[in-house]
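Each chain is listed here by its residues.
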Amino acid sequence: MRVAGLARCKNLPSHLLRMHLPSACRQMSIAAGLKNSSIFRSQGLIGGKWIGAHDGKTIQVNNPATGEIIADVPFMGRRETNDAISSAYNAFNSWSKQTAAERSKCLRKWYDLIMSHKEELGQLITLEQGKPLKEALGEVSYGASFIEFFAEEAKRVYGDIIPATLADRRLFVLKQPVGVVGAITPWNFPLAMITRKVGPALACGCTVVVKPSELTPLTALAAAELALQAGIPPGVLNVVMGNAPDIGDALLASPQVRKITFTGSTAVGKKLMAGAAGTVKRISLELGGNAPCIVFDDADLDVAVKGALAAKFRNSGQTCVCANRIIVQEGIYEKFAEAFSKAVQNLLVGDGFSEGVVQGPLINEAAVQKVESFIQDAISKGAKVLLGGKRHSLGMTFYEPTVVADVKSEMLLAREEVFGPVAPLLRFKTEEEAICIANDTNAGLAAYIFTNNVQRTWRVLEALEYGLVGVNEGIISTEVAPFGGVKHSGLGREGSKYGMDEYLELKYVCLGDMNRK
Ligand code: NAP
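These figures come from a predicted structure and were not determined experimentally.

Cut-offs used in this document
- Residues numbered from 1 in each chain as written.
- Predicted model: local features only at pLDDT ≥ 70, side-chain atom pairs only at ≥ 80, totals over all residues.
- Heavy atoms only, no water.
- Helix = DSSP H or I, 4+ residues; strand = E, 2+ residues; numbered from the N terminus.
- Contact = heavy atoms within 4.5 Å.
- Lys, Arg positive; Asp, Glu negative; His and termini not counted.
- Charge placed at Lys NZ, Arg CZ, Asp CG, Glu CD.
- Pairing = 2+ DSSP bridges.
- Axes fitted to C-alpha atoms, helices over the stretch in contact; angles between N-to-C directions.
- Expected span 1.5 Å × (residues − 1).
- Buried < 20%, exposed > 50% of the residue type's maximum accessible area, 1.4 Å probe, protein only.
- Near = heavy atom within 4 Å.
- Polar contact = N/O pair within 3.5 Å; in protein donor to acceptor, adjacent residues only side chain to side chain.
- Areas by Shrake-Rupley, 256 points an atom, 1.4 Å probe, with all protein chains shown as cover.
- UniProt positions renumbered as here; feature names shortened; annotations may be inferred.
- Domains from an automatic or database assignment.
- Buried area = accessible area lost by both parts, 1.4 Å probe.
- Salt bridge = Lys/Arg side-chain N within 4 Å of Asp/Glu carboxyl O.
- Parallel < 35°, antiparallel > 145°, perpendicular 65-115°, else oblique.
- Left-handed = near helix turned anticlockwise from the far one by under 90°.
- Nonpolar A, V, L, I, M, F, W, Y, C, P; charged D, E, K, R; others polar.
- Phe/Tyr/Trp six-rings, centres within 6.5 Å; stacked < 30°, edge-to-face > 60°.
- Lys NZ or Arg CZ within 6 Å of the ring centre and 35° of its normal.

**A short note on the overall build of the protein chain**
Alright, step 1. Secondary structure assignment for the protein chain yields 16 helices and 20 strands.
Alright, step 2. A fraction of 73% describes how many contacts in the protein chain between residues 6 or more apart in sequence connect residues 24 or more apart.
Alright, step 3. When the 56 positive and 52 negative side-chain charges of the protein chain are each reduced to one mean point, those points stand 5 Å apart.

**A short note on the sheet that holds strand S6 (residues 170-177)**
Alright, step 1. Strand order in the open sheet formed by 3 strands is S5-S6-S20, with antiparallel pairing between adjacent strands. Each edge of the sheet is formed by a strand with only one pairing partner; in this case those strands are strand S5 (160-162) and strand S20 (504-511). Between one strand and the next, the sheet's axes are offset by a mean angle of 25 degrees, whatever the strand orientation.

**Focus on helix H7 (residues 217-229)**
Alright, step 1. Over its 13 residues, H7 extends 19 Å from the first C-alpha to the last, a length consistent with the 18 Å expected when each residue adds 1.5 Å.
Alright, step 2. Burial in H7 covers these residues: Pro217, Leu218, Thr219, Ala220, Leu221, Ala222, Ala223, Ala224, Glu225, Leu226 and Ala227.

**Brief notes about the sheet that holds strand S12 (residues 291-295)**
Alright, step 1. Read across the open sheet, the 7 strands follow the order S14-S15-S16-S13-S12-S17-S18; overall the sheet is mixed. The strands lining the two open edges of the sheet, one partner per strand, are strand S14 (384-387) and strand S18 (468-471). Ignoring strand direction, the axes of neighbouring strands in this sheet form an average angle of 25 degrees.
Alright, step 2. Across 4 bridges, strand S13 (residues 323-329) lies against strand S16 (residues 422-428) in parallel orientation. Residue Val328 lies in a different strand from S16, and its bridge partner there is Arg427.
Alright, step 3. Lying over the sheet, helix H10 (residues 301-313) contacts S12, S13, strand S15 (402-405), S16 and strand S17 (446-450), oriented at roughly 165 degrees with respect to S17.
Alright, step 4. Across the face of the sheet, helix H14 (residues 431-439) comes into contact with S12, S13 and S16 while running at roughly 140 degrees to S16.

**Structural notes on the site of the ligand**
Alright, step 1. Not every one of the 29 residues close to the ligand is listed here, only the nearest: Thr185, Ser213, Ser265, Leu287 and Glu417.
Alright, step 2. Thr185 has a polar backbone atom sitting 2.7 Å from an oxygen atom of the ligand.
Alright, step 3. At 2.9 Å, a backbone N or O of Glu214 approaches an oxygen atom of the ligand.
Alright, step 4. The protein chains hide 86% of the 910 Å² of surface that the ligand would expose on its own.
Alright, step 5. Only helix H6 (192-204), helix H8 (244-253), strand S10 (257-263) and helix H9 (266-275) provide two or more residues apiece to the shell around the ligand.

**Points about the UniProt feature "active site" (unreviewed entry) in the protein chain**
Alright, step 1. Per the UniProt annotation, the sites labelled "active site" (unreviewed entry) are Glu286 and Cys320. In terms of the greatest pairwise C-alpha distance, the residues named above, spread along 35 residues, form a tight cluster of at most 8.8 Å across.
Alright, step 2. Turning to its location among the elements, Glu286 is positioned in strand S11 (residues 282-286).
Alright, step 3. Leave out the neighbours within four places in its chain, and Glu286 touches Arg196, Phe262, Thr263, Gly264, Leu445, Phe483, Gly484, Gly485, Ser489, Gly492, Arg493 and Glu494.
Alright, step 4. Tracing the chain through its elements places Cys320 in the loop between H10 and S13.
Alright, step 5. Overall, the relative accessible area of 15% leaves Cys320 in the buried class.
Alright, step 6. Not counting residues within four places of it along the chain, the set of residues in contact with Cys320 comprises Asn188, Leu287, Gly289, Glu417, Phe419, Leu445 and Phe483.

**Points about the domain arrangement of the protein chain**
Many analyses report the size of an interface as the accessible area lost when the parts associate.
Alright, step 1. By domain assignment, the protein chain separates into domain 1 (37-287 + 493-502) and domain 2 (291-478).
Alright, step 2. Between the C-alpha centres of domain 1 and domain 2 there is a distance of 31 Å.
Alright, step 3. Facing the 22 residues of domain 1 at the interface are 24 residues of domain 2.
Alright, step 4. Counting the surface lost from both domain 1 and domain 2, the interface buries some 1,800 Å², and carbon and sulfur atoms represent 65% of this.

**Remarks on the pattern of salt bridges**
Alright, step 1. Applying the stated rule across the entire model yields 23 salt bridges.
Alright, step 2. One salt bridge connects Arg78 with Asp246, and the closest N-O pair in it is separated by 3.7 Å. Here Arg78 is found in helix H2 (residues 78-95), whereas its partner Asp246 is found in helix H8, with 168 residues between them in sequence.
Alright, step 3. Where Arg78 meets Asp249, a salt bridge forms, and the shortest distance between an N and an O atom there is 3.6 Å. Here Asp249 lies in helix H8 and Arg78 lies in helix H2, a separation of 171 residues in the sequence.

**Some thoughts on the UniProt feature "domain: Aldehyde dehydrogenase" (unreviewed entry) in the protein chain**
Alright, step 1. UniProt records the feature "domain: Aldehyde dehydrogenase" (unreviewed entry) for residues 50-509 in the present numbering.
Alright, step 2. In residues 50-509, the share of helix is 40% and the share of strand is 20%. The end C-alpha atoms are 42 Å apart.

**A few points about the packing of helix H3 (residues 100-116) against helix H5 (residues 133-153)**
Alright, step 1. One way to put it is that H3 packs onto H5 with a least axis distance of 8 Å and a crossing angle of 165 degrees. Considering the angle they form, H3 stands roughly antiparallel to H5. Helix-helix and strand crossings are classified by hand; for H3 and H5 the assignment is left-handed. Taking contact as the criterion, the partners of Ser104, Leu107, Arg108, Trp110, Tyr111, Ile114 and Met115 in H3 are, on H5, Val140, Ser141, Ala144, Ser145, Ile147, Glu148, Phe150, Ala151 and Glu152.
Alright, step 2. Grouping the constituent residues of the contact of H3 with H5 by class yields 10 nonpolar, 3 polar and 3 charged.

**Regarding the side chain of Glu128**
Alright, step 1. The topology assignment puts Glu128 in helix H4 (residues 118-129).
Alright, step 2. The side chain of Glu128 is buried and forms no salt bridge, while Lys131, the nearest opposite charge, is found at 10.0 Å.
Alright, step 3. A polar atom in the side chain of Glu128 sits 2.5 Å from the side chain of Thr219.

**What to know about the packing of aromatic side chains**
Alright, step 1. In total, this model carries 6 aromatic pairs according to the counting rule given.
Alright, step 2. Summarising the aromatic geometry, the rings of Phe149 and Phe150 are spaced 5.1 Å apart at their centres and angled 90 degrees between planes, so their arrangement reads as edge-to-face. Pair check on accessibility: Phe149 and Phe150 agree, each one buried.
Alright, step 3. Connected via pairs of aromatic rings, a cluster forms that spans Phe313, Phe336 and Phe340.
Alright, step 4. Lying over the aromatic face of Phe483, Arg196 brings its terminal NZ or CZ to 4.0 Å of the ring centre.

Laid out in structure tokens, this is it:
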């Protein structure tokens, strides 16, 4: 990585002076260095070509830690999306006919290139999304793991032979790629939410039009550049960004798009699900959560504090599997609240490039305002702020890691995803009550329990209406396990061998008249 001289920092904008000077200066140097790197792209990718919007419109990508503009990217809409769909449709014919081994090799090469550019990709994620660099580097490895895993799975798409019911018939099942896939992804994991979809889609022989969030398109574009370098043919992977409803509508309206895969809010997911009905597309939805984290009296206190901390504060609380409600049994409540608050107090807030920082900024001003309104609502209904509860002195969108006690089920903090660094503590008496509180939500993505009782573990994990359950563990996502929710948290699964099924159609074949001479 090229390191720019201090001269670059001479004209530091006034609002940055509030930040620690070397920190703001370092951010600008890193941005300048990345722009010169071989993976930096700021145009859409259609049919293997880097392209702007047809009318030249652009949109700014900002660094949430500083507010600085990192780049301008095209503000695309229906027209560019339709071009991208056509290019994916044309590429499908040849890509789906390549052997699984050939597709696997391309994906493996893509994985290798991502890992060899891990540092730059991590920096890009920190720059446009704000998460601490160490966490961003973790996302690169996690994101790349889906490509590696599905490169291997590409070679294991087996059909079936079914014992025939009549002597002169042979029955079998073929698995074939769904076709062109529209993949819409959020800003909180700018790389991993894309690779978790594109990895299996390409492995199965599908082609894809990706629409990353307008807030974090640069990581998506860098990953697409590496896909081209890996030899993934033009048109197999296309990236458009800009007017989200227009792009979404174009994907939904096109009969050439056979599947929509979406990660994001439940509200947008429901719209897409309704919109997919017009052309009866297949649809996978990874939507919002409201994860309960249940701490029983018999839990190991240290394990519970460590697990709850990890489950709550990763990415400054901006993940769909973040513990949204920490539900603590009355016998351990006070001890837990004290130990947990101490641990939260030690979380260093700052720009993601600074040493030791574990809490970056929130993605934008709207996110901070949402957190503020949830805290206000909780206080007005009797909750007590044990720690934090306000904007951080660093300014911008930094918010203090917060612990709120005496939270009740009717408060917004318990009903909806706060999507910020706020840990609400709720109290319960019995196991039945804990299960009841945990399931009292439309969401059903991740849940966590902390207990040392084996029988209780089984009883509770079976009773929880959730797609993922962590037992004495706060970080559970991995490429080898199925990820997805129930109820309003979504449809389908990503990752693991089950993740392939989302991109495959079954074709039943009945071969008749076998005995004819
Ligand atoms: P969002 O507002 O729903 O946006 C997600 C994506 O949808 C973005 O690319 C967005 O584009 C696009 N979009 C917005 N309106 C659209 C429309 N009418 N038609 C088509 N696309 C549209 O969600 P977010 O705020 O980015 O992400 C946070 C949410 O994602 C949280 O609820 C979180 O729980 C959920 N999430 C779920 C998972 C999971 O695996 N279950 C993982 C991560 C996040 P623009 O950004 O360009 O507007």
